[in-house]
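Here is how the chains run, residue by residue.
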Amino acid sequence: ETILRDLTADLPAGRMVGILGPNGEGKTTLLRILLGSLRPEAGSVELFGRPLREISGDERARMVAYLPQEVSTAYPFRVSEVVLLGRYPHLPPFALESPRDWGIAKACMERTEVSHLADRPFTTLSGGEKQRVLIASVLAQEPRVLLLDEPTAALDLHHQYAVMDLLRTLHEEGITVVIVTHDVTLAAGFCDHLWLLSGGRVILEGPPSETVTEESLRRLYGMRLRVVTDEDTGLPIVLPVR
């Protein structure tokens, strides 16, 4: 079965892109193709001007970090150890973590507000706490590209905005951030570019002010939604039609 077809898109370095679309339209598949864990049957993917298939897995891991929707961690690692796993692509074979690696892990825990959980077993955390720890782990990877599949789905409102604020800061520091999300208003508020994915194709792309419209959302989701513009920011807000 073909999931994505005739898909051509450019992702400039340093951009923060949100991928929107209904379930089953290939959003996760697209992330995995960008990561290199899936190869397209036709066509090609380039990473910083190089064919992705010619870049070794170790080198890709130092350039691109991926946070999937679900991560299973059966072993009772401490939170600090889970975050430190993000440093492995940078370690020589059989090498132990250096003080610098531990310092990076500590800084990432601080940025995701999980420092107080450092000695807790990962398996004892709530869903939202686990998600923030995993985000800290991919940050510890020090990637040039971050691919995140619904990173705020398990978070309360405070931590949704805290995580998106952090991702926005990373984007402003030059990291390319790609987020799959179902929260259109959240994506419009933080991303500078959106891809609307339907039928295996990007049917519309551009800044939120141009892509989040009542017409485009009706086309994307097959339902009527109300889009209003925030007076202070000029950004679109999506509301249900009662």
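All of the points below concern the structure found in this document.

## Examining empty space enclosed by the protein
Argument step 1. For the structure on display, the rule yields one cavity of 30 Å³ or more.
Argument step 2. Around the largest cavity sit Pro151, Thr152, Met164, Ile179, Val180, Thr181, Leu186 and Ala187, which together line it.
Argument step 3. Of all the secondary-structure elements, those providing two or more residues to the lining of the largest cavity are strand E6 (176–180) and helix H7 (184–190).
Argument step 4. Within the lining of the largest cavity, the residues separate by chemical class into six nonpolar, two polar and no charged.

## What to know about the sheet that holds strand E1 (residues 16–20)
Argument step 1. Taken in spatial order, the six strands line up as E4-E5-E6-E1-E7-E8 in an open sheet, and their pairing is mixed. Taken across any chain shown, the strands that pair with only one partner, and hence form the sheet edges, are strand E4 (64–67) and strand E8 (201–206). Adjacent strand axes in the sheet meet at a mean angle of 15°, parallel and antiparallel pairs treated alike.
Argument step 2. As judged from the four bridges shared by E1 and E6, these two strands associate in the parallel manner. Counted as the bridge partner of glycine 18 is isoleucine 179 from E6.
Argument step 3. With respect to the sheet, helix H5 (residues 127–140) is in contact with E4 and strand E5 (145–149), its orientation differing from that of E4 by roughly 170°.

## Let's talk about the pairing of strand E9 (residues 225–229)
Argument step 1. Two strands pair when backbone bridges link them, and E9 and strand E10 (residues 236–240) are joined in this way by five bridges, in the antiparallel orientation. Within E10, the position partnered with threonine 229 by the bridge is proline 236.

## Regarding the side chain of threonine 211
Argument step 1. Mapped onto the elements, threonine 211 comes out in helix H8 (residues 208–211).
Argument step 2. Given a relative accessible area of 1%, threonine 211 falls into the buried group.
Argument step 3. Here proline 207 takes part through its backbone oxygen, which lies 3.0 Å from a polar atom of the side chain of threonine 211.

## Here's the deal with the side chain of serine 80
Argument step 1. Here serine 80 shows up in helix H3 (residues 79–84).
Argument step 2. Discounting residues that sit within four places of it in the chain, serine 80 has contacts with Trp102, Met109 and Ala118.

## Notes on the pattern of salt bridges
Should the charged atoms of two oppositely charged side chains come close, the side chains can pair.
Argument step 1. Tallied over the entire structure, the rule returns eight salt bridges.
Argument step 2. Here aspartate 119 makes a salt bridge to arginine 78, at a shortest N to O gap of 3.1 Å. On the criterion of sequence distance, the pair formed by aspartate 119 in the loop between helix H4 (99–111) and H5 and arginine 78 in the loop between E4 and H3 is long-range, its members being 41 residues apart.
Argument step 3. Taking the shortest distance from any N to any O, the salt bridge between arginine 87 and aspartate 101 comes out at 2.9 Å. Within this pair, whereas arginine 87 is found in the loop between H3 and H4, its partner aspartate 101 is found in helix H4, the two being separated by 14 residues in sequence. Neither arginine 87 nor aspartate 101 differs from the other in exposure class; each is buried.

## Some words on the layout of surface pockets
Argument step 1. Here the largest pocket defines a volume of roughly 1000 Å³.
Argument step 2. Every residue lining the largest pocket is counted, 36 residues in all, and those nearest its centre are Leu30, Ile33, Leu34, Ser44 and Val45.
Argument step 3. Among the secondary structure elements, those contributing two or more residues to the lining of the largest pocket are helix H1 (27–35), strand E2 (46–47), E5 and E6.
Argument step 4. At four residues, H1 tops the list of elements feeding residues into the lining of the largest pocket.
Argument step 5. Considered class by class, the residues forming the lining of the largest pocket number 22 nonpolar, seven polar and seven charged.
Argument step 6. Of the volumes computed, that of the second largest pocket is approximately 310 Å³.
Argument step 7. Forming the walls of the second largest pocket are 18 residues, and the residues nearest its centre are Tyr66, Leu85, Leu134, Ser137 and Val138.
Argument step 8. A per-element tally of the lining of the second largest pocket places E4 first, with four residues.
Argument step 9. Partitioned by chemical class, the residues of the lining of the second largest pocket number 13 nonpolar, five polar and no charged.

Cut-offs applied
Residues numbered from 1 in each chain as written. Predicted model: local features only at pLDDT ≥ 70, side-chain atom pairs only at ≥ 80, totals over all residues. Heavy atoms only, no water. 1 Å grid on protein atoms, 1.4 Å probe; cavity = no way out; pocket = protein on both sides within 12 Å on 5 of 7 lines; lining within 4 Å. Points joined across faces, edges and corners; volume = space filled by probe spheres on them. Helix = DSSP H or I, 4+ residues; strand = E, 2+ residues; numbered from the N terminus. Nonpolar A, V, L, I, M, F, W, Y, C, P; charged D, E, K, R; others polar. Pairing = 2+ DSSP bridges. Axes fitted to C-alpha atoms, helices over the stretch in contact; angles between N-to-C directions. Contact = heavy atoms within 4.5 Å. Buried < 20%, exposed > 50% of the residue type's maximum accessible area, 1.4 Å probe, protein only. Polar contact = N/O pair within 3.5 Å; in protein donor to acceptor, adjacent residues only side chain to side chain. Salt bridge = Lys/Arg side-chain N within 4 Å of Asp/Glu carboxyl O.

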